[in-house]
Amino acid sequence: MTTTTLESVLAATTSPKSTPRTHWTAKANERLEAYIEHTKSRAASAVSKIMSSAITDRIAPATSLRFVPTANGVGVELPGKDGETVTDGIHVHALDQLGDRFGVGQKYASTLLTRKSEWSNQLLAHSYSEIAAHAEEKQRFLVRSIDGEVRGVLSDAYRRMDTRPIADAFIGAAQRNGAMICDGTAADTRISLKAVLPEIFTANGDPFVVGVDYSNSDFGDGTLQVRGFVLRLACFNGAVREVAMKKVHIGARLGQDMSYSQKTYELDTRTLASATEDVLARMLDATAVKLEVARIEEAAGRTIDADSELKKMMRLTPVERTQAAERFRSADIELLPAGNSAWRLSNAVSFLARESEDARRRLELEVIAGELLTAGEKRTQKVLVVDQVLAR
């Protein structure tokens, strides 16, 4: 695996001194350069976090798990080196997964954790320990930890993928195809990298650029996906478009001795890194870019009923739905495109994403914004799914 350095990421986010195209405007070009300058440190930070994250994997029978109260909530005792027992903290995402697998409602755990008291942590630890002790003998989990914290509790049939070389392949392929790494997010359980082509297009006079988005989770917080990406330059609202590549983490069950599984893991990762490069190259070729630009232009001219479309987006909270509707109906034509179009509605939601302080929620809102670009459009979504690319 080629190790991506912060220097290479910063180099990849430097605006090229190419020959200006006639449809570029000085102001739009300055906005693109300002965006790259503003986000390149975030991209470098995300890459650094991705490349430095070393996951510890353990196969654990459910009946072997013992939960203990900690100062911050609940921990779990796991086998360490030389037969020792270590206690790892548990991330809230992993706690939710445990709740699903144990048949315990997420509200029960979250209610106890929010009390932040000794007795509530003890009660939660005791409840999980008792459920684990009475689980089926054959039930086993893949427990994934980073730096002493369990981030994922998954099925032993979970197909592991190493995010690091796949992200590295994405960065290299983006550079080779003329794109610049423009942003990155490394939440605790999910990561995203974005790259854009340095060519400015317009929809009703509104400048934007197109590119690609890579996202993945090593902890069951979503599938590996490569999607299209569009960035409006007037306000830096970004929307993640339709899936071009998707890989579900399902495979053969892991044995207690993961030595053979490790070889498969490495082979799968190399294969998927290569597939990522191929898909990205197809997405950034001239024909694909022309089609994407045409679809943005069409969305900018398509009038929609914002309230009706927002009601369909069940993944938006009631507060987010209200905020997006208010933003859409506002007189603002700087932070949002003018008109009552799907393009404007998409930007109303991507504005919420940009303002969100929750990295994981920001990624989710960008995807919803991308889906809203097709609001009111009568067509069948075409998705290239490569779930079988690693089939054995």
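The rules behind the values
Residues numbered from 1 in each chain as written. Predicted model: local features only at pLDDT ≥ 70, side-chain atom pairs only at ≥ 80, totals over all residues. Heavy atoms only, no water. Phe/Tyr/Trp six-rings, centres within 6.5 Å; stacked < 30°, edge-to-face > 60°. Helix = DSSP H or I, 4+ residues; strand = E, 2+ residues; numbered from the N terminus. Buried < 20%, exposed > 50% of the residue type's maximum accessible area, 1.4 Å probe, protein only. Lys NZ or Arg CZ within 6 Å of the ring centre and 35° of its normal.

Draft legend 1. Fine view of the packing of aromatic side chains. All told, the structure shown has 7 aromatic pairs when counted by the stated rule. Relative to Y128, the ring of F102 lies with its centre 5.6 Å away and its plane at 85°, an arrangement referred to as edge-to-face. Remark: Y128 occurs in helix α5 (residues 118-133) and F102 occurs in helix α3 (residues 92-102); sequence separation between them is 26 residues. For F102, a relative accessible area of 11% corresponds to the buried category. Between F201 and F208, the aromatic rings sit 6.2 Å apart at their centres with planes inclined by 35°, giving tilted as the arrangement. Judged on exposure class, the residue F201 and its partner F208 are both buried. Among the aromatic side chains, those forming a connected cluster through ring pairs are F67, F102, Y128 and F141. Across the ring face of F328, the terminal group of R344 is positioned such that the distance to the ring centre comes to 5.8 Å.

Draft legend 2. Examining unusual backbone geometry more closely. The phi torsion at D147 lies on the positive side, around 50°, for a residue other than glycine. Relative to the helices and strands, D147 resides in the loop between β5 (140-146) and β6 (149-155). Residue classification places D147 among the exposed residues on the basis of a relative accessible area of 77%. A positive phi angle is found at N204, which is not glycine, with a value near 55°. By secondary structure assignment, the location of N204 is in the loop between β9 (201-203) and β10 (206-216).

What is shown is where atoms sit, not what they do.
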